Amino acid sequence: MRSPSNFPPPDPGRLVVVSVNYRAADYLIRCLSSLESERELLPGLEVLAVDNASGDGSVEALEAAIVERGWGSWVRVLSSPENGGFAAGNNLALEGLLGEAEPPEWICLLNPDTEIYPGALASLVAFLQSRPRAGFAGPGTEVGRGNLRGSAFRFPGILNSFDEGLHLGPVSRLLSRWKLAPDPRPEPHATDWLSGG
């Protein structure tokens, strides 16, 4: 996850990162390591790792890493009794968080194979604080070093579905305005939906 550097550090508040794990404990432990430095800018940062009934020792590996690395004050593991998929794992976490007496100000859904650049989450929170009417925000993401991938998408429609199916150069150029997955843009902008980070 990339960090836009043009936003000041946010006011401290409670941010809970939810990450759904299914047989990817090694990736999630690396993700947690990358989040550790974010706590300097976001002292209220917590992580709720939902294990989606991995059955491969993921829960034990995560709990051991939490103890070994001293993460117990900000990382916890929630074991799902069944693997209902990515959405069900996130919903399990969100239901609990939003049902708390004092729900977090911010919730970030983060894939377990993500590594965070220093300051990325703080920049995202600062961006949202500067735009109180925004309902959600997504960061720039990289696949491999320096390969920016788009995370903002349009809803499917007749024109972009036609283009996706046909995939013909002249037609694609003609329909680029309605492209389902537009090229990444450096400036903030409205979008229909965001992919997970």
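1. Regarding the nonpolar core
Counting 28 residues, the largest nonpolar core has Leu15, Val17, Leu35, Trp71 and Leu121 as its most contacted members. Elements with a contribution of two residues or more to this core: β1 (15-21), α1 (25-36), β2 (45-51), α2 (58-69), β4 (106-109) and α4 (120-130). When neighbours within four sequence positions are excluded, Trp71 is seen to be in contact with Ile29, Leu32, Ser33, Glu36, Ala65 and Ile66. One finds Val18, Val20, Val50 and Ala93 within the second-largest nonpolar core, a separate group that totals seven residues.

2. Looking at the pairing of β1
Regular strands place side chains that alternate from one sheet face to the opposite one. Within β1, seven of the seven residues are buried, which leaves it mostly tucked inside the rest of the structure. With burial as the criterion, each face of β1 is covered, one bearing Leu15, Val17, Ser19 and Asn21 and the other bearing Val16, Val18 and Val20. Here β1 pairs with β2 via seven bridges, running parallel. Paired with Val18 across the strands is Leu48, a residue of β2. In the classification by handedness, the crossover that spans β1, the intervening α1 and the parallel β2 is right-handed. Of the strand pairs in this sheet, β1 and β4 are connected by four bridges, and their pairing is parallel. In the sheet register, Val17 faces β4, and the bridge partner there is Cys108.

Calculation criteria
- Residues numbered from 1 in each chain as written.
- Predicted model: local features only at pLDDT ≥ 70, side-chain atom pairs only at ≥ 80, totals over all residues.
- Heavy atoms only, no water.
- Core = buried A, V, L, I, M, F, W, Y, C linked by side-chain atoms within 4.5 Å.
- Buried < 20%, exposed > 50% of the residue type's maximum accessible area, 1.4 Å probe, protein only.
- Helix = DSSP H or I, 4+ residues; strand = E, 2+ residues; numbered from the N terminus.
- Contact = heavy atoms within 4.5 Å.
- Pairing = 2+ DSSP bridges.
- Right-handed = clockwise from strand over helix to strand, strands pointing away.

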